[in-house]
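# Understanding the architecture of this molecule
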Amino acid sequence: MKVLNPNQLLNLINKFAIYLFVLGFLLLALGFYYVFFVSPNDYQQGIMVKIMYIHVPSAWLSMGIYTLITATNLLFLIRKIPTASIIAKASAPLGLIFTLIVLISGIFWGRPMWGVWWVWDARLTSMLVLLFIYLGLILIYRMENGENKYAKIAAVYSILGFINIPIIKFSVDWWNTLHQPASVLRLDGPTIHTSMLYPLLIVFLGFIFLFLYYLLLSIKIELLENKLRNSKAN
Amino acid sequence: MNHIVPIIKRDLHIYFRNKSSIFIAIIFFLVVSSILPIGIGPDIKVLESISPGLLWIAFFLSILLNINIVFENDFKDGSLDLILIESELPELAIISKIISFWLIVVLPLVIFLPLGGIILNLPLGNIKQIISLIIISSPFMILVASMGSAMALRVSNPSLLITILIIPFYIPILIFGTLPFIENDIMNFSFSRSLMLLTSLSIFAIVFVPYLLIYVLKVNSD
Amino acid sequence: MELHIQGLNFSYGEKKVFEDTNIDVSGDKITILFGKNGTGKSTLLKLIAGIERCDSGNISFSDKNGSIFSPKGMIAYLGHKLAIKEELTVEQNISFWGDFYQNTPDENNFRLLEMERLRYLNVSELSQGQKKKLAFMRVLLSNKPIWLLDEPLSNLDIESTETIKKLISERISKNNLVLVTSHSKSIFSKEQIITLGN
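Nothing here was measured: the structure is a model prediction, and the numbers come from that model. (Residues numbered from 1 in each chain as written. Chains lettered and ligands numbered in written order. Predicted model: local features only at pLDDT ≥ 70, side-chain atom pairs only at ≥ 80, totals over all residues.)

Moving on to the overall build of chain B. Summing up its helical and strand segments, chain B has nine helices and zero strands in all. In sequence order, the secondary structure elements of chain B are arranged as α-α-α-α-α-α-α-α-α. Taking 17 Å as the expected radius of gyration for a compact globule of 222 residues, we find that chain B reaches 18 Å, a close match to that expectation. Along the first, second and third principal axes, the C-alpha set of chain B runs to 55 × 35 × 30 Å. Buried residues in chain B amount to 48% of all 222 residues. Put simply, 81% of the contacts in chain B that link residues at least 6 apart link residues at least 24 apart. (Helix = DSSP H or I, 4+ residues; strand = E, 2+ residues; numbered from the N terminus. Rg over C-alpha atoms; globule rule 2.2 N^0.38 Å. Buried ≥ 20, exposed ≤ 12 C-beta atoms within 10 Å, placed from the backbone. Contact = placed C-beta atoms within 7 Å.)

And the structure:
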């Protein structure tokens, strides 16, 4: 927990953040090389299947980031660590971006496949709900009025909204609707072929490192702003 | 226990002073119910098929856009602080305020629900059932909406923010409340199943939300 | 009764209001929290009352035997926001508080505070000082052992000031505790002064 001290965190960020960017960039480059030059086209969907390599990792990330937000906010409420709230606040816009990527890439993938832009099945609807919850969360974080009250309120809201995450995950298992059931994160192990699984995981890792890089940058900005406000007030 | 009746009595007194609170929710509901058919067009069959959802949504909006009144008045003059620190059981005191809101806003709305249903061309056989579903889920709706109101207590124009924050949590209610009445391929979602689900949601809310409300109200108070 | 505050830390946004503050108060004198504007007098009262939560520290009450008890339901708080309903009459406010606290209003207080002829007026028609007196009547009606009063004498005329000073002084006892914020010292005959803000 010592790493959550603001000054030490700033030091850490200044020293190591850039490596995260480099790592993420390289992983993504590797992943996309794999995707475009090695992995096979789907016999039915043709080249459109490659959207999956953006769509699926983004989905994992949008849900994972929300879980991170919920966990750090719990830490904030229970252990009263202020930096935890800053991590949550900085993660929210990034989570929103990934959610948008899921929905938009899904639309472009689904249109040729299903013939429609949108369908109200369980997974799509619950993903849309996630989008709204992210938006609500960001709005609360912007309710800044000089005191720290909004941070606790955002924390409560994010924890309440967490109920949506298992619903997204299991929606395709519970209801047999249009969206494809889980192929990777299953109890029996992935059903997807390794030539598609590996690039998927590489892209996913690349996204994670990029997310971490931008997260650390946002945290740094927030910490510096706090420092500025502190010195003005005292 | 002893706080419930005095608080409700006083809240009713105050709401009646501002007569607009009672009527504005009803008028809003009827206005929304009236313009929806105009927007849908002349095809009665189309209107009939989507009317259950429209009724629910008109009801939601009427609640969400009015819920800010539940704590606002007491927050402004410090009575909310009083209730929170000087009550023996603050949770009961807060429930009393929720009950006051229910009596002033939800009850009149419920009385006008049949009229809304008729305007939306809801099949008469379904009106009674949908209204009972709405009534049974009203505790859940009010409690969750008041969470939004508690969170947005310090915002000057909270109604839109409250609506954005709380609508995601209304979606299950919307789904359960309309499935028995519209064409769908999802199993056999009967009215009684819906009734059961919505009742348990309301009970769940009554048991747990007051504690959350106290926490959020205390965070925002002063 | 005594109040002990140990290691209190509280920040209002970015501004640190209390840092490792220790305060001890006893009920055998009226305690005055004294200090200039912005030194945290009202905030301290709110922290003790439980309206605000401290970042860290311990606030505890002990009775005349020295054992610690929870002040829940034993505090009467009078803040800047008076907690009176402007839409209702004086009588309706008093009657609500009577039901809320489960006490019957003392008719004497109406006379003492010269509120009799205002009894059936709407609170919105009262002057600031009269509203203050009404709010103080609530504190009397609550009959709670712990009084936390934020500037109880502000906006009052001379006679009312004397009356309320007397009513507050009557609360000195081993079973009560009165904490008052003020801009002035030497108000009560038996008082303990705690100065805030350095």
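Next comes the rest of the description.
Attention shifts here to the overall build of chain A. Broken down by element type, chain A carries seven helices and zero strands. For chain A, the residues scored as buried account for 33% of the 234 residues in total. A separation of at least 24 residues holds for 77% of the contacts in chain A among residues at least 6 apart in sequence.

With that settled, consider the packing of helix α4 (residues 69-77) of chain B against helix α5 (residues 79-86) of chain B. Residue and element names in this part refer to chain B. The contact between α4 and α5 brings their axes to 5 Å, and the two run at 95°. Looking at the two axes, α4 sits roughly perpendicular to α5. Contacts between α4 and α5 involve Phe71, Asp74, Phe75 and Asp77 from the former and Ser79, Leu80 and Ile83 from the latter. Residues of the contact of α4 with α5, tallied by class, amount to four nonpolar, one polar and two charged. (Axes fitted to C-alpha atoms, helices over the stretch in contact; angles between N-to-C directions. Parallel < 35°, antiparallel > 145°, perpendicular 65-115°, else oblique. Nonpolar A, V, L, I, M, F, W, Y, C, P; charged D, E, K, R; others polar.)

For the rest of this paragraph, the subject is the interface of chain C and chain B. Every contact between the two is made by 22 residues of chain C and, on the other side, 17 residues of chain B. When contributions to the side of chain C that touches chain B are tallied by element, the ones reaching two or more residues are α1 (41-49), β6 (75-78) and α2 (90-101) of chain C. Along the lines of polarity and charge, the residues of the side of chain C that touches chain B split into eleven nonpolar, four polar and seven charged.

On to the packing of helix α7 (residues 124-151) of chain B against helix α8 (residues 158-178) of chain B, then. Each pair of packed helices can be summarised by the angle the axes make with each other and by the distance between the axes. Residues and elements named next belong to chain B. For the pair α7 and α8, the least separation of the axes is 9 Å and the interaxial angle reads 150°. The pairing of α7 with α8 is recorded here as roughly antiparallel in orientation. Helix-helix and strand crossings are classified by hand; for α7 and α8 the assignment is right-handed. Between α7 and α8, the contacting residues are Leu133, Ile134, Ser137, Phe140, Met141, Val144, Ala145, Gly148, Ser149 and Met151 on the first element and Pro158, Ile162, Leu165, Ile166, Phe169, Tyr170, Ile173 and Gly177 on the second. Residue composition of the contact of α7 with α8, grouped by class: 14 nonpolar, four polar and no charged. (Left-handed = near helix turned anticlockwise from the far one by under 90°.)

Once that is clear, we can look at the pairing of strand β1 (residues 2-12) of chain C. Residues and elements named next belong to chain C. Pairing between β1 and strand β2 (residues 15-26): eight bridges, direction antiparallel. What sits directly across from Leu8, in β2, is Thr21. Where β1 and strand β4 (residues 56-62) come together, six bridges link them in antiparallel fashion. Looking at the pairing, Asn9 lines up with Ser56 of β4. (Pairing = 2+ DSSP bridges.)

This next bit is on the sheet that holds strand β3 (residues 30-34) of chain C. Residues and elements named next belong to chain C. Judged by pairing direction, the sheet is parallel, and its five strands sit side by side in the order β6-β7-β8-β3-β9 without closing on themselves. Among the strands making up the open sheet, the edge pair consists of β6 and β9 (191-195). Each adjacent strand pair in this sheet contributes to an overall mean axis angle of 15°, direction not counted. Judged from the four bridges that link them, β6 and strand β7 (residues 146-150) form a sheet pairing that is parallel.

A few words now on the interface of chain B and chain A. The interface of chain B with chain A comprises 14 residues on the first partner and 15 residues on the second. Secondary-structure elements contributing two or more residues to the side of chain B that touches chain A are α8 and α9 (191-220) of chain B. At six residues, α8(B) tops the list of elements feeding residues into the side of chain B that touches chain A. When its residues are assigned to classes, the side of chain B that touches chain A shows twelve nonpolar, one polar and one charged.

Of all hydrophobic cores here, the largest spans 169 residues; its most connected members are Leu148(C) and Leu179(C). Looking at this core element by element, the count peaks at twelve residues for α7(B). Residue contacts for Leu179(C): discarding those within four places in its chain leaves Val25(C), Thr31(C), Leu33(C), Leu45(C), Ile48(C), Trp147(C) and Leu148(C). (Core = buried A, V, L, I, M, F, W, Y, C linked by C-beta atoms within 7 Å.)

We now examine the sheet that holds β1(C). All names here are of chain C. Strand order in the open sheet formed by four strands is β2-β1-β4-β5, with antiparallel pairing between adjacent strands. Both outer strands of the open sheet, β2 and β5 (68-69), are each paired with one neighbouring strand and no more. Relative to β5, β4 is paired through two bridges, and the arrangement is antiparallel. Bridge pairing in β5 places Ser62 opposite Ile68.

Moving on to the environment of Asp11(B). Residues and elements named next belong to chain B. Here Asp11 shows up in helix α1 (residues 4-17). Accessibility expressed as a C-beta count within 10 Å gives 22 for Asp11, which makes it buried. With 18 residues separating them along the chain, Asp11 and Phe29 place their C-alpha atoms 23 Å apart. Setting aside anything within four residues of it in sequence, one finds Asp11 in contact with Lys97 and Ser100.

Bringing α1(B) into the picture now. Taking 1.5 Å of rise per residue, the 14 residues of α1(B) would be expected to cover 20 Å, and the 20 Å separating its terminal C-alpha atoms lies within 8% of that figure. Those residues of α1(B) that sit buried are Ile7(B), Arg10(B), Asp11(B), Ile14(B) and Tyr15(B). Each buried residue of α1(B) sits inside an arc of 135° when the element is viewed along its axis, so together they form one side. In α1(B), the exposed residues that point more than 90 degrees away from the buried face are Val5(B) and Phe16(B). Its buried side turned inward, α1(B) meets α2 (20-40), α4 and α6 (90-119) of chain B together with α2 of chain C. (Expected span 1.5 Å × (residues − 1). Arc of directions from axis to C-beta.)

Taken over all residues, the pLDDT of chain B has a mean of 90, while the share at 70 or more is 98%. This complex was scored by the predictor with a pTM of 0.89 and an ipTM of 0.91. (pLDDT = per-residue confidence, 0-100.)

So, on to the environment of Lys29(C). All names here are of chain C. If you trace the backbone, Lys29 turns up in the loop between β2 and β3. Under the C-beta neighbour-count criterion, Lys29 is labelled partly exposed, with 16 such atoms within 10 Å. A C-alpha to C-alpha distance of 5.2 Å links Lys29 and Lys190, two positions 161 residues apart in sequence. Filtering out sequence-adjacent residues up to four positions away, Lys29 remains in contact with Ile172, Lys190, Glu191 and Gln192.

Moving on: helix α5 (residues 149-161) of chain A. Residues and elements named next belong to chain A. Spanning 13 residues, α5 covers 19 Å between terminal C-alpha atoms, matching the ideal 18 Å at 1.5 Å per step. Taken across its 13 residues, α5 has ten buried, putting it largely inside the fold. Among all positions in α5, only Lys149, Tyr150, Ala151, Lys152, Ile153, Ala154, Ala155, Tyr157, Ser158 and Gly161 are buried.

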